[in-house]
Amino acid sequence: MKKLIITAALTGAEVTKDQQPALPVSPEEIAEAAYECYIAGASIVHIHARDNDGNPTQDYDVYKEIKEKIEEKCNIIVQPSTGGATWHSPEERLQPVDLKPEMATLSCGTCNFGADVFMNSEEYIEMFARKMAENGVKPEIEVFERGMIENAKKLVKKGILDGPLHFDFVLGVPGACPGNPEDLMYMVNSIPDDSTWTVAGIGRHETPLATMAIILGGHVRVGFEDNVYYDKGVLAESNAQLVKRITRLARELGRDVATPDDARVILGLRPHA
Ligand code: KMH
Ligand code: ZN
């Protein structure tokens, strides 16, 4: 089995400091959290930027500052969000791709997202995918519902993206696909054979789905974007604490954890500067 890639989704667009006081929000806090997660065993950090008031922003300059601050500390793979918040325009959302990061997320369809709607029309999915391909950015295909896998496969068929694809199954978002074991199996059995995949279980689904991924040969995403708790009713102390649990589970289950350079090989990323 390939080594386990752990992604830390540090901040997200929806969580507040009121809900999780350790939420990293400023570029300095995000870079420090990324470094702690790297030490704990993460090889990718999924980034959402915030403005000075703590609100989600897709501003190019803020992402640039975050990326540079992380790169000063370690060689973890920096994966900006192009999902942003549900109220960001597609043009706003795409800004971090201009930084030519090694990876970025690519949501491949529309779904309910709590009380909101996360809009991703075919036109915009193709626009995002083209821009990533032009800039040598490996997309992580965000899958919130089963049909999004077909939309991603269509991008390859149309020649917009090259395979193998890398999927992230985000399971348990209120309004979208639930996060039960059979939901993950359905997703895993639906992707092309040469694909790689990771799972982000939302809330209480985080650890059970991560454990399944370790056993099945998939990869794992954890972090405050997806889950702010360590245990029922007990807030996690840090993103790194959530990463450490996955590292420990992987060790117990006999799966080695990937370094960032291992992850670059597994995911076929362009050579790292
Ligand atoms: N915040 C969500 C509406 C991504 O990062 O690519 C979208 C999201 C997906 O988080
Ligand atoms: Zn995200």
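Each remark here, short or long, concerns the structure printed above.
Right, let's walk through the structure included here. (Residues numbered from 1 in each chain as written. Chains lettered and ligands numbered in written order. Predicted model: local features only at pLDDT ≥ 70, side-chain atom pairs only at ≥ 80, totals over all residues. Heavy atoms only, no water.)

### Section: the coordination of the zinc ion (ligand 2)
Then step 1. Here the zinc ion (ligand 2) is held by the protein donor atoms His46 (NE2), His48 (NE2) and Glu225 (OE), which lie 2.1 to 2.2 Å from it.
Then step 2. As a motif over one chain, the donors of the zinc ion (ligand 2) read H-x1-H-x176-E.
Then step 3. A relative accessible area of 2% means that His46 is categorised as buried. (Donors = N, O, S within 2.8 Å, 3.2 Å for Na, K, Ca; no water. Buried < 20%, exposed > 50% of the residue type's maximum accessible area, 1.4 Å probe, protein only.)

### So, the site of ligand 1
Then step 1. Not every one of the 14 residues close to ligand 1 is listed here, only the nearest: Glu14, Ser81, Gly84, Thr105 and Glu225.
Then step 2. Between ligand 1 and His46, the relevant distance is 3.1 Å, taken from an oxygen atom to a side-chain nitrogen or oxygen of the residue.
Then step 3. Here ligand 1 loses 98% of its free accessible area of 300 Å² to cover by the protein chains.
Then step 4. Along the lines of polarity and charge, the residues of the shell around ligand 1 split into 3 nonpolar, 8 polar and 3 charged. (Near = heavy atom within 4 Å. Polar contact = N/O pair within 3.5 Å; in protein donor to acceptor, adjacent residues only side chain to side chain. Areas by Shrake-Rupley, 256 points an atom, 1.4 Å probe, with all protein chains shown as cover. Nonpolar A, V, L, I, M, F, W, Y, C, P; charged D, E, K, R; others polar.)

### Remarks on the state of the cysteines
Then step 1. Counting across every chain of the model gives 0 disulfides.
Then step 2. Cys177 takes part in no disulfide bond, and the closest cysteine sulfur to it belongs to Cys111, at a distance of 10 Å. (Disulfide = S-S within 2.5 Å.)

### Observations regarding helix α8 (residues 239-252)
Then step 1. Its 14 residues give α8 an end-to-end C-alpha distance of 21 Å, which sits within 8% of 20 Å, the value for a rise of 1.5 Å per residue.
Then step 2. Among the structural elements, β1 (6-9), α1 (27-40), α7 (206-216), β12 (219-222) and β13 (229-231) are those in contact with the buried residues of α8.
Then step 3. Gly254 sits one or two residues past α8 and shows a positive phi near 80 degrees. (Helix = DSSP H or I, 4+ residues; strand = E, 2+ residues; numbered from the N terminus. Expected span 1.5 Å × (residues − 1). Contact = heavy atoms within 4.5 Å.)

### Observations regarding the side chain of Thr7
Then step 1. Tracing the sequence through the fold places Thr7 in strand β1.
Then step 2. With a relative accessible area of 2%, Thr7 lands in the buried category.
Then step 3. Contacts of Thr7, omitting those with residues within four sequence positions, involve Ile44, His46, Val220, Arg221 and Val222.

### Things to note about the nonpolar core
Then step 1. One finds Ile70, Phe167 and Phe169 to be the most contacted residues of the largest nonpolar core, which totals 78 residues.
Then step 2. At 6 residues, α1 tops the list of elements feeding residues into this core.
Then step 3. Leaving out residues up to four positions away in the same chain, Phe167 has contacts with Glu140, Ile141, Val143, Ile149, Ala152, Ile191, Pro192, Ser195, Thr196, Trp197 and Thr198.
Then step 4. Counting residues in each nonpolar core, the second largest holds 9 residues, with Ile5, Ile77, Ala258 and Ala263 among its members. (Core = buried A, V, L, I, M, F, W, Y, C linked by side-chain atoms within 4.5 Å.)

### Some details on the packing of aromatic side chains
Then step 1. Counted by the stated rule, this structure contains 6 aromatic pairs.
Then step 2. Pairing Phe167 with Phe169 gives two aromatic rings, centres 6.2 Å apart and planes at 15 degrees, and the pair type is stacked.
Then step 3. With a centroid separation of 5.8 Å and 40 degrees between ring planes, the pair formed by Phe169 and Trp197 is classed as tilted. One end of the pair, Phe169, is in strand β10 (residues 166-171); the other, Trp197, is in strand β11 (residues 196-201), with 28 residues separating them in the sequence.
Then step 4. Here Phe169 falls in the buried class, since its relative accessible area comes to 0%.
Then step 5. Ring pairs connect the aromatic residues Phe113, Phe118 and Phe144, which therefore count as one cluster.
Then step 6. The ring of Tyr186 is capped by Arg146, whose NZ or CZ atom sits 5.5 Å from the centre of that ring.
Then step 7. Over the ring of Tyr230 we find Arg245, and its NZ or CZ is 3.8 Å from the ring centre. (Phe/Tyr/Trp six-rings, centres within 6.5 Å; stacked < 30°, edge-to-face > 60°. Lys NZ or Arg CZ within 6 Å of the ring centre and 35° of its normal.)

### A few points about the pairing of β1
Then step 1. On β1, burial covers both faces: Ile6 and Ala8 on one face and Thr7 and Ala9 on the other are all buried.
Then step 2. Two elements, β1 and β12, share 3 bridges in a ladder whose sense is parallel. Residue pairing across strands places Thr7 opposite Arg221, the latter belonging to β12.
Then step 3. Here 3 bridges tie β1 to strand β2 (residues 44-47), and the two strands are oriented parallel to one another. (Pairing = 2+ DSSP bridges.)

### Structural notes on unusual backbone geometry
Then step 1. Here the residue pair Gly163 and Pro164 is connected by a cis peptide bond, since its omega of -10 degrees sits within 30 degrees of zero.
Then step 2. The residue Pro164 is located in the loop between α5 (147-157) and β10 in this model.
Then step 3. Even without being a glycine, Lys100 presents a positive backbone phi close to 50 degrees.
Then step 4. Among the secondary structure elements, Lys100 is positioned in the loop between α3 (90-94) and β6 (103-107).
Then step 5. A relative accessible area of 45% places Lys100 in the partly exposed class.

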